[in-house]
Amino acid sequence: MIFRRTILFIERKHRETVILTVLLFLLFSFFFSGVVMYQSTESYRDKALAEIGATLQISYLPELDESTLDGVDQNILSRVQSIPHVLGVDVAPPSLSGSCIPLGLKTVKTHSGFNPEQQPSPIYTDEEARMESDCVDLIGCSAIPLRNQFRNNMSVISDGSFPTNDNPGVLISRYFAELNSLRINDVISLKYLYSDASAMASEVKIVGIYDTTLKFEILEENDMGVAVYKASPYNAVFTDFDTASKILDRDNTVYNFKVYVDSPKNLDAVQEAVQKLPMEWDKYKIYNETLSFYNEYASQIDTVFSNSLRLIILTSTVGIILFMVVYSIWNNQRIRDIGIFEVLGESYIHILMIYVFETLILSFIAAVLSVPTSYFLIQFISQTNSPEFVSSNIINIITPYDTGEYDINPVYAVSIDIKALLLLLIFVFMIVGITGVALMFLLKKSKLQEMLKAGEES
Amino acid sequence: MIDIKNVSFSYDRKRSILQGVSVSFSQGKTYSIFGPSGSGKSTLLALMGGIITPDSGEIWINDHNIANLDGRLIRRTMVSYIFQDYLLFPFLTAQENVEIAREISNPHENNGGEKTRKLLNELGINESLLRKQVRYLSGGEQQRVGIARALVTGNPVLLADEPTGNLDKATANDVMQLLIKLTKEYNKCCIIVTHSEMIRSQTDYSLLLDNGCLKQVETNLK
Ligand SMILES: Nc1ncnc2c1ncn2[C@@H]1O[C@H](COP(=O)(O)OP(=O)(O)OP(=O)(O)O)[C@@H](O)[C@H]1O
Ligand SMILES: [Mg+2]
């Protein structure tokens with residue numbers, strides 16, 4: 001009965017109903033957009049920081065040349081390895097990788113996004129591009145499990161094991177394996193694309209196959225043309241350091257190395273310990289990769305993060321105040337109506353329920369409408385090119401697969417999850433609660449005789 | 001029906017409005033109360049419906065001392081008000097206004113909607129007016145709705161505070177005739193506060209409230 005009466009009130013006071021609903025709708029839309037952006041950037045930031053990991057890069061000074069260097073001693077590397085908090089050392093980067101022709105095998109050409117055939121590739125001649133598109137990307141590395149995609153479980157070994165110097169061979173993707181009906185212990189021939197015509201292909205054993213959840217999306221601004229296929233995570237072939245130097249016909253002297261640390265907190269301590277090792281420190285320099293990556297990318301996410309937080313706080317305070325102001329436009333009418341109810345002998349609880357139900361129903365309608373609207377609102381915010389919010393940089397912050405300079409994946413996804421909906425619900429109840437408490441205050445405090453006079457001025 | 005025993009009241013404990021008022025009202029009779037402005041007529045009505053409580057003295061309705069009852073209960077089951085400015089929900093229709101009062105007083109009544117309609121028709125609110133929001137009705141029509149709202153509850157006491165004060169003479173007369181007629185028909189006790197000589201002559205009893213005391217009682221009963 002009370003519910004029916006509430007509906008009647010909402011229906012009859014249509015002007016008030018529409019104005020309040022629209023107001024609530026705007027309030028909820030902005031609030032919910034803020035919450036969704038906040039949450040999306042929060043999880044994105046965590047992911048970004050995980051992707052960046054905690055690494056130090058030890059490289060020779062840029063003005064020097066490999067021919068003038070002796071290389072890093074094996075003994076040094078094992079001492080680095082035993083520094084506390086060090087997860088591993090990768091001795092290959094950045095140079096020990098290259099395009100290889102997998103003799104007699106096909107490469108994976110599946111992708112989403114733009115058609116690379118229709119994209120110009122100014123950095124390759126067409127012939128080179130076509131050759132590269134049939135190549136796999138051989139990545140030599142002494143710490144494969146520590147690379148982003150394996151460290152973050154986006155790629156997982158499903159068959160066999162990681163190649164190491166003691167277990168030499170290659171690790172290929174399941175896509176590539178299935179396309180060519182390859183199995184563990186099969187032997188494939190790889191030939192470095194830019195080796196001499198007379199050079200022989202190297203035979204290598206498959207020691208591992210990995211499954212990956214990485215998506216290969218080709219962006220509009222892809223400048224590799226069809227050659228981009230080589231960069232597909234499905235065409236990546238990982239191998240140990242020695243095998244890589246053999247196939248790529250490069251000297252296996254270590255000139256640079258990367259140190260993986262368990263947490264960004266411990267980077268300073270590790271850096272200090274590395275610096276104490278007897279290396280030619282006049283020729284080498286330690287780069288805090290985490291910090292520079294952070295400054296380059298993650299701080300932008302932080303900006304989005306704090307801006308969406310600001311949006312939430314701003315809209316909720318301004319919105320609630322605005323709502324209360326507009327709500328109080330009809331206060332005299334409302335006080336008089338409550339007075340009428342009291343004169344008719346209606347109970348305190350019933351009167352309260354009518355008005356609480358009223359805001360509850362309006363809020364729910366507004367909240368339901370605000371969810372899809374927020375979706376468009378976020379799109380709008382991200383498309384108006386306001387870099388503080390969802391800047392295009394964010395789209396390209398993380399390349400899940402280290403391809404060097406070009407941008408592949410992942411797209412910044414706005415996801416509306418249960419937690420965001422729950423927060424919206426809490427916000428709805430907060431509004432209802434505030435009006436309920438305000439009303440309770442009014443009911444308790446006012447004298448009936450005065451309440452009945454309230455309508456007179458309006 | 002209603003027994004007021006030596007009731008005194010003041011709003012601010014300084015200036016007393018009513019001083020030792022004692023009076024009885026009975027069922028099926030109409031009463032008018034008159035007196036100068038500010039003499040406490042409205043205050044007396046408010047006391048009878050439990051809107052305010054006396055400083056001293058007792059008010060009994062149907063053998064209940066209303067000091068022991070919740071004001072809402074009194075207004076739900078014993079006393080209905082009719083106001084000078086009608087006090088209807090302006091955004092609801094005539095029928096809905098009356099229906100709400102009926103639901104509050106008799107929530108489990110069967111066929112209540114029919115009863116509401118009949119009552120409104122009796123008061124001259126025809127089918128098309130029934131469905132109009134009351135803010136679009138004339139003053140006379142609104143007060144008829146107000147009377148219907150008071151009668152529909154089944155409460156034995158009607159308290160009308162200058163019910164025709166906002167109406168022109170002819171309309172006021174019509175409305176008053178109806179009110180008195182229906183009061184008799186439904187066997188209510190009706191107490192009307194009024195400045196109008198004409199109304200005074202139509203009620204069974206007429207009381208003067210002056211200086212906080214009910215001073216003079218005229219009888220029009222033959
Ligand atoms: N809520 C209130 N608080 C304080 N004083 C009040 C209140 N209501 C009325 N009064 C005072 O009490 C006195 C009696 O008021 P009341 O409204 O009962 O007079 P009345 O006889 O109905 O007058 P009128 O004929 O003008 O309606 C007046 O002096 C008025 O100023
Ligand atoms: Mg008065």
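As shown above, the structure is provided for reference.
Residues numbered from 1 in each chain as written. Chains lettered and ligands numbered in written order. Predicted model: local features only at pLDDT ≥ 70, side-chain atom pairs only at ≥ 80, totals over all residues. Heavy atoms only, no water.

**Student:** Any details on the overall build of chain A? Residues and values, ideally.
**Tutor:** Of regular secondary structure, chain A possesses 14 helices and 13 strands. When burial is assessed residue by residue, chain A has 52% of its 458 residues classed as buried. (Helix = DSSP H or I, 4+ residues; strand = E, 2+ residues; numbered from the N terminus. Buried < 20%, exposed > 50% of the residue type's maximum accessible area, 1.4 Å probe, protein only.)

**Student:** Describe the site of ligand 1, naming the residues involved and giving the relevant values.
**Tutor:** Neighbouring ligand 1 are 14 residues, the closest being B:Arg15, B:Ser37, B:Lys41, B:Ser42 and B:Thr43. Mapping the residues near ligand 1 onto chains gives chains A and B. One of the backbone nitrogen or oxygen atoms of B:Gly38 is found 2.8 Å away from an oxygen atom of ligand 1. In the complex, the protein chains occlude 67% of the 630 Å² of accessible area that ligand 1 would expose alone. The element contributing the most residues to the shell around ligand 1 is helix α1 (residues 41–48) of chain B, with 3 residues. Classifying every residue of the shell around ligand 1 by side-chain character gives 3 nonpolar, 8 polar and 3 charged. (Near = heavy atom within 4 Å. Polar contact = N/O pair within 3.5 Å; in protein donor to acceptor, adjacent residues only side chain to side chain. Areas by Shrake-Rupley, 256 points an atom, 1.4 Å probe, with all protein chains shown as cover. Nonpolar A, V, L, I, M, F, W, Y, C, P; charged D, E, K, R; others polar.)

**Student:** Help me get a handle on the packing of aromatic side chains, residues and values and all.
**Tutor:** All told, the structure shown has 22 aromatic pairs over all chains when counted by the stated rule. Where A:Phe150 meets A:Phe238, the ring centres are 5.3 Å apart and the plane angle is 75 degrees; that geometry is what we call edge-to-face. Residue A:Phe150 is located in helix α5 (residues 148–151), and its partner A:Phe238 is located in strand β11 (residues 236–239); the two are separated by 88 residues in the primary sequence. For A:Phe238, a relative accessible area of 1% puts it in the buried group. Ring centres of A:Tyr210 and A:Phe238 lie 5.9 Å apart, and the angle between their planes is 70 degrees; on these two criteria the pair is classed as edge-to-face. Pair noted here: A:Tyr210 is in strand β9 (residues 202–212) and A:Phe238 is in strand β11, with a separation of 28 residues, a long-range link. Residue classification places A:Tyr210 among the buried positions, given a relative accessible area of 0%. One aromatic cluster is present, built from ring pairs that chain together A:Phe9, A:Phe341, B:Phe89 and B:Phe91. (Phe/Tyr/Trp six-rings, centres within 6.5 Å; stacked < 30°, edge-to-face > 60°.)

**Student:** For the side chain of A:Glu358, give the residues involved together with the corresponding values.
**Tutor:** Tracing the backbone shows A:Glu358 in helix α11 (residues 348–383). Each residue touching A:Glu358, except ones within four places of it in the same chain, is listed here: A:Thr6, A:Ile10, A:Lys13 and A:Glu16. (Contact = heavy atoms within 4.5 Å.)

**Student:** Tell me about the sheet that holds strand β2 (residues 86–90) of chain A, residues and numbers included.
**Tutor:** Residues and elements named next belong to chain A. Overall, antiparallel pairing links the 4 strands, which are arranged β2-β12-β1-β13 in an open sheet. Each end of this open sheet is capped by a strand with a single partner; those strands are β2 and β13 (284–288). Neighbour-to-neighbour, the strand axes of the sheet open up by a mean angle of 20 degrees, direction not taken into account. Of the pairings in the sheet, the one linking strand β1 (residues 55–60) to strand β12 (residues 257–261) comprises 4 bridges and is antiparallel in character. (Pairing = 2+ DSSP bridges. Axes fitted to C-alpha atoms, helices over the stretch in contact; angles between N-to-C directions.)

**Student:** Would you mind going over the state of the cysteines in detail, with residue names and values included?
**Tutor:** This structure, assessed with the given rule, holds 0 disulfides over all chains. Counting only cysteine sulfurs, B:Cys190 is the nearest neighbor of B:Cys189, a cysteine outside any disulfide, at a range of 7.5 Å. (Disulfide = S-S within 2.5 Å.)

**Student:** So what's going on with the interface of chain A and chain B? Residues and values would help.
**Tutor:** Facing 24 residues of chain A, the contacting portion of chain B comprises 25 residues. Across the chain A to chain B interface the summed buried area is about 2,300 Å²; carbon plus sulfur atoms make up 61%. Among the residues chain A hides against chain B, the three largest losses belong to A:Arg12, A:Leu344 and A:Gln449. Together they make up 28% of the total. With its nearest N and O atoms 3.6 Å apart, the salt bridge here joins A:Glu342 to B:Arg72. At the surface where chain A touches chain B, the tally comes to 8 residue pairs in polar contact (both at pLDDT 80 or more). Contributing elements (two or more residues each) for the side of chain A that touches chain B: α1 (2–12), α10 (331–343), α11 and α14 (448–453) of chain A. For the side of chain A that touches chain B, the element with the highest residue contribution is α10(A), accounting for 7 residues. Grouping the constituent residues of the side of chain A that touches chain B by class yields 11 nonpolar, 4 polar and 9 charged. (Buried area = accessible area lost by both parts, 1.4 Å probe. Salt bridge = Lys/Arg side-chain N within 4 Å of Asp/Glu carboxyl O.)

**Student:** Could you give an account of the pairing of β11(A), naming the residues involved and the relevant values?
**Tutor:** Residues and elements named next belong to chain A. Burial of the side chains of β11 extends over both faces: Ala 236 and Phe 238 are buried on one face and Val 237 and Thr 239 on the other. Sheet topology places strand β5 (residues 136–140) next to β11; 4 bridges connect them, and they run parallel. When the sheet's bridge partners are listed, Leu 138 is paired in β11 with Val 237. Both strand β7 (residues 170–173) and β11 contribute to a ladder of 2 bridges, which runs antiparallel. Across the sheet, Leu 171 pairs through a bridge with Phe 238, a residue of β11.

**Student:** Can you explain helix α4 (residues 112–122) of chain B? Please cite residues and give values.
**Tutor:** Residue and element names in this part refer to chain B. Regarding α4, the residues found buried are Gly 112, Thr 116, Leu 119 and Leu 120. Projected down its long axis, α4 shows its buried positions confined to an angular sector of 95 degrees, all on one face. Residues of α4 that are buried sit in contact with α3 (94–105), α5 (127–130) and α6 (139–152). Of the residues flanking the end of α4, it is Gly 124, one or two places downstream, whose phi is positive at about 85 degrees. (Arc of directions from axis to C-beta.)

Nothing here speaks to function; it is geometry throughout.
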